[in-house]
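Residues per chain are reported as follows:
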Amino acid sequence: MAASNGKSISRGVSLPTTRVKMIMKSSPEVQSISHEALHLITLATEQFIQHLAQMALLNSDDDTSVVYSDLAEVVNDSTKLEFLQDIIPRKIKEIGRASCRERV
């Protein structure tokens, strides 16, 4: 899958492959990463993000935008996405400072 014309193999992806490689190398189990593996992981990550955004858009009240709460609802309602619950939790509404002082 090497580029025969000298162009980068990361062509056709939107995510920065250097950042994806850095994240992959942060795992102590990863020794080296081939260009082909990096390209495929980057493509898979983009597809996953696209799928997550589409699911959140379907969950959204607005047909044109996604807000954090839409993502959090999708993640917390799907068993397939439960591994993201610590990363994208439902927001906890902040209690006003005045009401906190009254409790003390």
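Predicted model, so just to flag it, every value in this text is computed and none were measured.

## Describing the overall build of the protein chain
- The helix and strand tally for the protein chain stands at 4 helices and 0 strands.
- Mapped in sequence order, the helices and strands of the protein chain form the string α-α-α-α.
- Counting all 104 residues of the protein chain, 20% fall into the buried class.
- Summarising the internal contacts of the protein chain: among those between residues at least 6 apart in sequence, 33% fall at separations of at least 24.

## Digging into the packing of helix H1 (residues 17-25) against helix H2 (residues 35-59)
- The N-to-C vectors of H1 and H2 enclose an angle of 100°; their axes lie 10 Å apart at closest approach. As the angle between them shows, H1 and H2 are arranged roughly perpendicular. Touching Thr17, Val20, Lys21 and Met24 of H1 are Leu38, Ile41 and Thr42, all from H2.
- Taken together, the residues that form the contact of H1 with H2 break down as 4 nonpolar, 2 polar and 1 charged.

## Overview of the nonpolar core
- Counting 8 residues, the largest nonpolar core consists of Leu52, Ala56, Ala72, Val74, Val75, Leu81, Leu84 and Ile88.
- Sort the elements by how many residues they give to this core and helix H3 (residues 68-77) lands first, with 3 residues.
- With sequence-adjacent residues up to four places away left out, Leu84 is seen in contact with Phe48, Leu52 and Val75.

## A closer look at the confidence of the model for the protein chain
- Per-residue pLDDT for the protein chain has a mean of 83; in total, 78% of the residues score no lower than 70.
- Low pLDDT, under 50, characterises residues 1-8; the predicted model gives this stretch 4 contacts beyond four residues in sequence or across chains.

## Examining the packing of H2 against H3
- Packing of H2 against H3 leaves a shortest axis separation of 8 Å and a crossing angle of 105°. With respect to each other, H2 and H3 are oriented roughly perpendicular. When H2 is examined against H3, the residues Leu52, Met55, Ala56 and Asn59 are found in contact with a partner set consisting of Asp70, Leu71, Glu73, Val74 and Val75.
- Its residues assigned to classes, the contact of H2 with H3 comprises 6 nonpolar, 1 polar and 2 charged.

## Some points on H2
- Along its 25 residues, H2 runs 36 Å from first to last C-alpha, staying within 8% of the 36 Å computed at 1.5 Å per residue.
- Those residues of H2 that fall on the buried side of the exposure criterion are Leu38, His39, Thr42, Glu46, Leu52 and Ala56.
- Of the surrounding secondary structure, the elements contacted by the buried residues of H2 are H1 and H3.

## Some remarks on the pattern of salt bridges
- For the structure shown, the criterion picks out 2 salt bridges.
- Note that Arg90 and Glu73 form a salt bridge whose closest N and O atoms lie 2.9 Å from each other. With a gap of 17 residues between them, Arg90 in the loop between H3 and helix H4 (97-103) and Glu73 in helix H3 connect regions that are remote in the sequence.
- Taken together, the shared-partner salt bridges in this structure form one network comprising Glu73, Asp77 and Arg90.

What counts, and at which threshold
- Residues numbered from 1 in each chain as written.
- Predicted model: local features only at pLDDT ≥ 70, side-chain atom pairs only at ≥ 80, totals over all residues.
- Heavy atoms only, no water.
- Helix = DSSP H or I, 4+ residues; strand = E, 2+ residues; numbered from the N terminus.
- Buried < 20%, exposed > 50% of the residue type's maximum accessible area, 1.4 Å probe, protein only.
- Contact = heavy atoms within 4.5 Å.
- Axes fitted to C-alpha atoms, helices over the stretch in contact; angles between N-to-C directions.
- Parallel < 35°, antiparallel > 145°, perpendicular 65-115°, else oblique.
- Nonpolar A, V, L, I, M, F, W, Y, C, P; charged D, E, K, R; others polar.
- Core = buried A, V, L, I, M, F, W, Y, C linked by side-chain atoms within 4.5 Å.
- pLDDT = per-residue confidence, 0-100.
- Expected span 1.5 Å × (residues − 1).
- Salt bridge = Lys/Arg side-chain N within 4 Å of Asp/Glu carboxyl O.

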